[in-house]
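# Examination of the molecular architecture
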Amino acid sequence: MSDKKSSLRKQNKMPDLKGAKILIAGGLGFIGSNLAHRCFNLGADVTVYDCLDPRMGGNIFNIEPIKNSVKILINDILDAHALEREIKQQDIVFNCAASTSHPFSMKEPLVDLDVNSRGTINVLEAIRKSRRDIKLVHVGTSTQLGKQKYSPADEDHPEFPLDIYSANKSV
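Residues numbered from 1 in each chain as written. Predicted model: local features only at pLDDT ≥ 70, side-chain atom pairs only at ≥ 80, totals over all residues. Heavy atoms only, no water.

Before going further, it helps to spend a moment on the packing of helix H3 (residues 80-87) against helix H5 (residues 109-130). Relative orientation of the contacting elements H3 and H5 amounts to 50 degrees, with a least axis distance of 9 Å. Between H3 and H5, the interaxial angle falls into the category oblique. Crossing of H3 against H5: the hand is right-handed. Between H3 and H5, the contacting residues are Ala80, Leu83, Glu84 and Ile87 on the first element and Asn122, Val123, Ala126, Ile127, Lys129 and Ser130 on the second. A class-by-class count of the residues in the contact of H3 with H5 yields 6 nonpolar, 2 polar and 2 charged. (Axes fitted to C-alpha atoms, helices over the stretch in contact; angles between N-to-C directions. Helix = DSSP H or I, 4+ residues; strand = E, 2+ residues; numbered from the N terminus. Parallel < 35°, antiparallel > 145°, perpendicular 65-115°, else oblique. Left-handed = near helix turned anticlockwise from the far one by under 90°. Contact = heavy atoms within 4.5 Å. Nonpolar A, V, L, I, M, F, W, Y, C, P; charged D, E, K, R; others polar.)

Next up, the structure:
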């Protein structure tokens, strides 16, 4: 095997998550549920946290094969106290919770702002108040970049969001 192929395999290797306590906010949505499956298969103790708001896209069916092997909490990231209770027990938090519809964000900007900004602040505050060594992975969106200036985009890429949803994900 060439050195280049070997290097790519090492870069794409998922960490061993055996025994890691992971909370996935928005864990019943498309990205969150796929992440729940992957983390569970890598040995993590997974908590799926989702409000199942019909406007947000979560569906219990998304974790059907693992639903009896993960902890499922139907709750909202806007409930800071409930979120804090769960986050303080975790090693890693993936924040996939979001109001994800671009048209909805323009029609109902305050709902989008609440979920995507205040919800994110609630996650950050829960981590800050609980333990400083909890790792956070916050899911963004390519649309927060607006017109891409270079590819692949990285953390230093300028952001020119085109709608309320994209702007709120830039927070």
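That covers the picture; the talk isn't over yet.
Let us now look at the environment of Gly32. The topology assignment puts Gly32 in helix H2 (residues 30-41). In this structure, the C-alpha to C-alpha distance between Gly32 and Ile63, residues 31 residues apart in sequence, is 9.6 Å. Those residues in contact with Gly32 that sit more than four places away from it in its chain are Ile24, Gly26, Gly27 and Cys96.

This part is about the nonpolar core. Leu17, Ile22, Ile24, Cys39, Val46 and Phe94 are the most contacted members of the largest nonpolar core, which has 18 residues in total. Contributing elements (two or more residues each) for this core: strand S1 (21-25), H2, strand S2 (45-50) and strand S4 (92-95). The element that contributes the greatest number of residues to this core is H2, accounting for 3 residues. The contact partners of Ile22, leaving out residues within four places of it in the chain, are Leu17, Cys39, Ala44, Asp45, Val46, Thr47, Gln90, Ile92 and Phe94. The next biggest cluster of nonpolar side chains, apart from the first, holds 14 residues, and it includes Ile77, Ala97, Ile127 and Ile134. (Core = buried A, V, L, I, M, F, W, Y, C linked by side-chain atoms within 4.5 Å. Buried < 20%, exposed > 50% of the residue type's maximum accessible area, 1.4 Å probe, protein only.)

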